[in-house]
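Next come the chains, spelled out residue by residue.
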Amino acid sequence: MHTIKKIVLFLLLFISNPSFAFPEYNLTEGVTPVSHDIYNLHMTIFWICVVIGTAVFSVITYSLIYHRKSRGAKAAHFHEHFWVEITWTIIPFLILVAMAIPATRVLLHMNDFAQPDLTIQVTGFQWKWRYDYLDQNIHFFSNISTPYNQMHGSEPKGPDYLREVDHPLVVPIHKKIRFLITSNDVIHGWWVPDLGVKHDAIPGFIYEAWARINKPGIYRGQCSKLCGLNHGFMPIVVIAMDEKDFDAWIIQQKGGTSPTPAPNTSPAPSATSSEKSPAVASKTSQKTPLPATAAAPTAPAAGKKITMDEAMKHGEQIFLGTCAACHKPDGTGSPPVFPALKGSKIATGPIDAHINTVLNGKSGTAMQAFRDQFSDDDLAAVITYERNAFGNNTGTIVQPADITAAKAKK
Amino acid sequence: MAHDAHQLEHKGFFGWLSRWLFTTNHKDIGTLYLIFSGVMFFIGGMMAELIRAQLLKPGLNLFDTNFYNQLVTLHGLIMIFGVIMPAFVGLANWMIPLMIGAPDMALPRLNNWSFWILPFAFTILLSTLFMSGGGPNFGWTMYAPLSTLYAPPSTDFLVIAIHLMGLSSIMGAINIMTTILNLRTPSMTFMQMPLFVWTWLITSFLLITAMPVLAGAVTMILFDRHFGTSFFNAAGGGDPILYQHVFWFFAHPEVYILILPGFGIISEIIPTFSRKKLFGYTFMVAATAAIALLSFLVWAHHMFTSGIAVGAQMFFMYTTMLIAVPTGIKVFNWVATMFRGALTFETPMLFAIAFVFLFTIGGFSGLMLAIVPADYQYTDTYFVVAHFHYVLVTGALFTIIAGIYFWLPKWTGHYYNERLGKIHFWLTLISVNLTFFPMHFLGLAGMPRRIPDYALQYTDFNQIASIGAFILGAAQLIFLYNIIMTIRGGKKASGKVWEGAHGLEWTVPSPAPYHTFQ
C-alpha cells in the first residue's frame, strides 16, 4: 500500500507541475488563424474522446473487478435490449454531428483561397524545394544544410539537425500568402505545422493552400510524403518578418541595396549553415539571401580559374550533399537504377557529355537538370570531383567558364 | 475424403510431403495457413525491429536510406498480406466447418491451391530484396509516380507477387462464402450462425469486391512502367491522384478485411469467459454489415491533403465519422456482455479485454483523423502510424493471438501453459503500449512517417518506442515456445475445453478428429 501511495503522490506532483503541459508533445497552436482553429478542434475532439473513453473503460473496469467468478459472481441471463441498442446508436450519432459542425466551418475557411496578398509557388524536387515569388519574380532552391558528417556520426549534431536549409522561405506577416504547390518529379508533401499548412505536391498539377501569419519568427517543417531516398532530408524553413523587413529583403534579392539593416528576426537565425556556398541559381540573387549570416563564404569571382585541390575539396562537399544519395559516397551507386560513377563511361569519357548530363539531367530517370540549382563554380567543382574521385583519376579539370559556355549553348 | 485418410497411411519423407502438399482437408490447410502466417510474422517482425533499431537514435546509424525504405515497404506488405490475412483464413479453415457442422470446406481442391500459391508469392516478394537495384522502396501504398517512373526493376516482381496473393485471397474468399452459404448443418439458420462465421461471410464479400481493384491498380503500374501508358503520369494525360483513388478503393475495405474476422473472434471469446450469452447478437450482425457497406464509401479520407475538392472532403469526412456508430455498437455490446457476467481471466480472455481497451483507443485516434482540418496536421505523421498500429497490432493481431490460445486445445488436444500465456500477455501488453503510444506524441510534435532519421527533439520518445519494440519482439518468442510445447504435450483437454464454451465446435473431441460431421 505504501508504494502505491508513493506512486500516486508522484503522479499528482507530475501532473500539477506546470511543465506537464508538454508543449513539445502536443499539436502546435501555430501562428495562423487556421492553425489556431485546427488546434481548438483537435483539443475539443480529444476531450470528447477522453470523456467517452473514461465512461466505457470505467464500466469495463467495474465488471472486471466486481463481476469476476473468483468473487462468486453468477452470470446474469440478459442478452438483448432493443432500446438500449437504439440509445447507444443515437447518442454517438448526435455527438458526431456536434463534432462535424465546427469541423466543417474550419474546413470551408481553409478552402477560401480568394484575394491573396502574395503568391508563392512551391515546387518539390527530389530532394529540395524551389520557391518562386510570382509577383516579385524571385526564385531560388532551398536545400538541407545539415552537413553529411553530422548524419553519419563523425561530427556532433547541431541544434537544428535535419531542420536547417541554405535558403529559407521568407514571407511577410499579416498578409494572406497563397501557396501554389506542385512537384517536378514524384509526390512530395509541403508541411509547416505552425502555419497549419500541409499539402501534397503532385507532379503535373498545381494545388492551393494559404496562410496568414500573425507572429514573426522561424517556422520549421519537412516533407511529409515518402518521395524516395532522401525523403527524410528535405526540410522547410519559413522566416516570417514584418512588411518593412520583407520589402527590404525583396529589394536585396533583386540586387539592390537594402535601405535598412538586416531585419531582426528573433531568435537569432540559425536557419542557415555556413557549410555550403550559396547555391542560389537565379541570376538575380548572387548575393547571399538576407537571413544568412556573414559567415557564409562568398563564391569565387567569375572568370577565376580553379585549381584541382580547390575543386576536389569544394566538389566533395556538393557531391556528398546532393549526389551521394543516389550515387553513393564512394561513387558505386546502386545499379541499374542509380548508375555508378566510379569508372563509368560518362565520368571518365568526354567532358561535354558529362557536363551535359549534369546540366540537363536525363529524362525518364531520377537524374535532374542541375543547371539552375547550382552556380557555375559549384557545377565545375562537382564535375571535376566526379572525374577524379573514386579512382577515376582522369586528371581533367572543368573550369567555371566551361560551364558558362555549356549553359550558353542551350 | 477417403483419399485423404488413405494418404495418412503413407510412410517416410515423401509420404509426409505428399500429405501436406496434396491435402484437401480443411484442418490440414488451416494448419498450413497458420504456420505460414507465423513464419511471415517473424520475418515481418524482424524488419520492424531493424526499423526501430535504426530509429533508436538520430543519425543514419545502421543502413542507408534505400534499405530503410525497402524495410518500410516490405514490413507493411508482409504484415498485411502475409500475416494478418493468412492467419484469419487459417482460422476460418479450421473453425468454420466445425462451427457450422460441415464435413469440410465446399471446394477442397481450390482450398489447397489457394494456400500453396502463397509461399510462391512471398518467395517472389522477398527475393526482390536481393535483386540489383534493391527491392520495392516506395511504401506498401505504392504511390505513383514513385512506383512507376522512379522505381527499381524489382517492382515488376512485386506486381506479380501481389497478383498471386490476390488470386489466393479471392479463391479463399469464394470458398469460405460457398461453405457458409451451402454447408451449414440443416437446422442452422443464418441468425443462428456464430458471429465468427457471420463476420467471415461479410469479409468474404469484401475480399471478392476489393481484391480485383488492387489487381487493376498494380496492373496499371505495370503498364505505365513498360507498355507506354500514362494512367498516372500527367505528362501523358494521366493523374497520379487516380492511382490513389483506385488503391484506396481497395485498401479501405482491406482495412475492414483485416479487422472484421477479429471482431468475430472476440465475440466468441468474451461470452465464453463471461459465462453469459453475447449481448445484442442481432445488432452485432447488423453493425458488421453496416461497417462493411460504409467501408466502400470512405476511401478518400486517406487523401485529404492530396487536393480533392472541398465537397468531396466533406462527404468523406461525414461517412468516415459515421463508421464510429456501428463500431461503437460493437464495443458497447462487448462491454454489456461482460457486465454482470462471471468472468475468469484465461489468456484468450486477457487478450480479448486488452483488445477492447486498445482497439477503442485506436478508434478514437481514427475519429480524430476523420476531422479533415485536423487531418491536415495529423496525416503522414507518426500519429497515423500510432493509429493504425493500435487497430492492427492491438486490434487485428491481438484477436488472432486470442483466437490461437482459445482454439489451441481444440486443435492439439492439450491446454497451453497458462503461466507462460499470462507472462506472454503482460509482456506484450506493456511493450506494445511502450512502442506505439509515444508515437501519438511524435506525430503531434511534427515527426513525419517513413523517415530514416529525425530531428533531435524526437529522440526521447523514439528511444522509448524502440525499447518497447525490442521487448515486444522478444515476448513473441515465448508465444512460439508455448505453442510448440502445447503441440508436443500438456494437460489433456476435454471436448468442451472451456467451462463456458458454447457451439458445435466444442461438441467434437479434442483434438478434433481428422474428419468431423461426416
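Residues numbered from 1 in each chain as written. Chains lettered and ligands numbered in written order. Predicted model: local features only at pLDDT ≥ 70, side-chain atom pairs only at ≥ 80, totals over all residues.

A. Up close: the overall build of chain B. A count of helices and strands for chain B gives 17 helices and zero strands. Computed over its C-alpha atoms, the radius of gyration of chain B comes to 23 Å, within 12% of the 24 Å expected for a compact globule of 518 residues. In terms of principal-axis extent, the alpha carbons of chain B reach across some 60 × 50 × 45 Å. Put simply, of all contacts in chain B between residues at least 6 apart along the chain, 82% involve residues at least 24 apart. (Helix = DSSP H or I, 4+ residues; strand = E, 2+ residues; numbered from the N terminus. Rg over C-alpha atoms; globule rule 2.2 N^0.38 Å. Contact = placed C-beta atoms within 7 Å.)

B. Focus on the overall build of chain A. Along chain A, the regular secondary structure elements total 10 helices and 10 strands. Within chain A, buried positions represent 43% of all 410 residues. Within chain A, contacts between residues at least 6 apart in sequence are counted, and of these 66% link residues at least 24 apart. (Buried ≥ 20, exposed ≤ 12 C-beta atoms within 10 Å, placed from the backbone.)

C. Molecular detail of the domain arrangement of chain A. Residue and element names in this part refer to chain A. Taken as a whole, chain A is organised into domain 1 (20–68 + 79–110), domain 2 (118–273) and domain 3 (308–409). Computed from C-alpha coordinates alone, the two centres of domain 2 and domain 3 are separated by 26 Å. On the side of domain 3, seven residues touch domain 2, which itself brings eight residues to the contact. Across the side of domain 2 that touches domain 3, the residue classes tally to five nonpolar, three polar and no charged. (Domains from an automatic or database assignment. Nonpolar A, V, L, I, M, F, W, Y, C, P; charged D, E, K, R; others polar.)

D. Highlighting helix 8 (residues 240–257) of chain B. Residues and elements named next belong to chain B. Along its 18 residues, helix 8 runs 26 Å from first to last C-alpha, staying within 8% of the 26 Å computed at 1.5 Å per residue. Along helix 8, the largest kink reaches about 30 degrees and is centred on W248. Of all 18 residues in helix 8, 15 are buried; the element is thus mostly enclosed. (Expected span 1.5 Å × (residues − 1). Bend = angle between axes of the 7 residues up to and from the residue.)

E. Geometry of the interface of chain B and chain A. Taken together, the contacts link 82 residues of chain B with 81 residues of chain A. Breaking the side of chain B that touches chain A down by element, the ones donating at least two residues are helix 4 (65–100), helix 8, helix 10 (281–294), helix 11 (310–322), helix 12 (324–338), helix 13 (347–370), helix 14 (372–378) and helix 16 (418–444) of chain B. Split into classes, the residues belonging to the side of chain B that touches chain A amount to 52 nonpolar, 23 polar and seven charged.

F. Focus on the packing of helix 15 (residues 382–412) of chain B against helix 17 (residues 459–488) of chain B. Residues and elements named next belong to chain B. The N-to-C vectors of helix 15 and helix 17 enclose an angle of 15 degrees; their axes lie 10 Å apart at closest approach. Classified by the angle their axes make, helix 15 and helix 17 are roughly parallel. Seen from above, helix 15 lies across helix 17 with right-handed handedness. The residues of helix 17 that touch helix 15, namely those facing I401, L408 and T412, are F479, I483, T486 and I487. Residue composition of the contact of helix 15 with helix 17, by class: five nonpolar, two polar and no charged. (Axes fitted to C-alpha atoms, helices over the stretch in contact; angles between N-to-C directions. Parallel < 35°, antiparallel > 145°, perpendicular 65-115°, else oblique. Left-handed = near helix turned anticlockwise from the far one by under 90°.)

G. Structural detail: the sheet that holds strand 1 (residues 118–125) of chain A. Residues and elements named next belong to chain A. The five strands are arranged 3-2-1-5-8 in an open sheet whose pairing can be described as mixed. In this open sheet, the two strands that pair with only one neighbour each are strand 3 (138–142) and strand 8 (207–212). Strand-to-strand twist of the sheet, defined as the mean angle between neighbouring strand axes without regard to direction, takes the value 25 degrees. As judged from the five bridges shared by strand 2 (residues 128–133) and strand 3, these two strands associate in the antiparallel manner. In the strand pairing of strand 3, Y133 is matched with I138. (Pairing = 2+ DSSP bridges.)

H. Up close: the sheet that holds strand 4 (residues 169–172) of chain A. All names here are of chain A. Here we have three strands laid out as an open sheet, ordered 4-10-9, and mixed in their pairing. The open sheet is flanked by strand 4 and strand 9 (217–222), the only strands paired with a single partner. On average, adjacent strands in this sheet sit at an angle of 25 degrees to one another, irrespective of strand direction. Sheet analysis places strand 4 next to strand 10 (residues 235–241), joined by four bridges and oriented parallel. Within strand 10, the residue paired with V170 across the bridge is I239.

I. View of the pairing of strand 7 (residues 197–201) of chain A. Residues and elements named next belong to chain A. Within strand 7, five of the five residues are buried, which leaves it mostly tucked inside the rest of the structure. Direction of pairing for strand 6 (residues 188–192) relative to strand 7: antiparallel, over a ladder of five bridges. Each bridged residue has a counterpart across the sheet, and for H188 the counterpart in strand 7 is A201. Linking strand 6 back to strand 7 in an antiparallel pair, the connection comprises four residues, with G196 at a positive phi of about 65 degrees.

J. Region of the structure containing unusual backbone geometry. The amide bond that connects Q126(A) to the next residue, W127(A), takes the cis arrangement and shows omega of 0 degrees. Along the polypeptide, W127(A) turns up in the loop between strand 1 and strand 2. Between S510(B) and the following residue, P511(B), the backbone shows a cis peptide bond with an omega angle of -5 degrees. By secondary structure assignment, the location of P511(B) is in the segment after helix 17. Positioned with a positive phi, H174(A) is a non-glycine residue whose angle comes to about 60 degrees. Of note, V497(B) is a non-glycine position whose phi angle comes to about 65 degrees, a positive value. Take V497(B): it is sitting in the segment after helix 17.

K. Main features of the pairing of strand 1 of chain A. All names here are of chain A. Relative to strand 5 (residues 176–183), strand 1 runs parallel, the two being bridged by seven bridges. Each residue of the ladder has a partner; that of Q121, found in strand 5, is L180. Strand direction decides the pairing type here: strand 1 and strand 2, joined by six bridges, are antiparallel. Following the sheet pairing, T123 is matched in strand 2 by R130. The turn joining strand 1 and strand 2, which pair antiparallel and follow one another in sequence, is formed by two residues.

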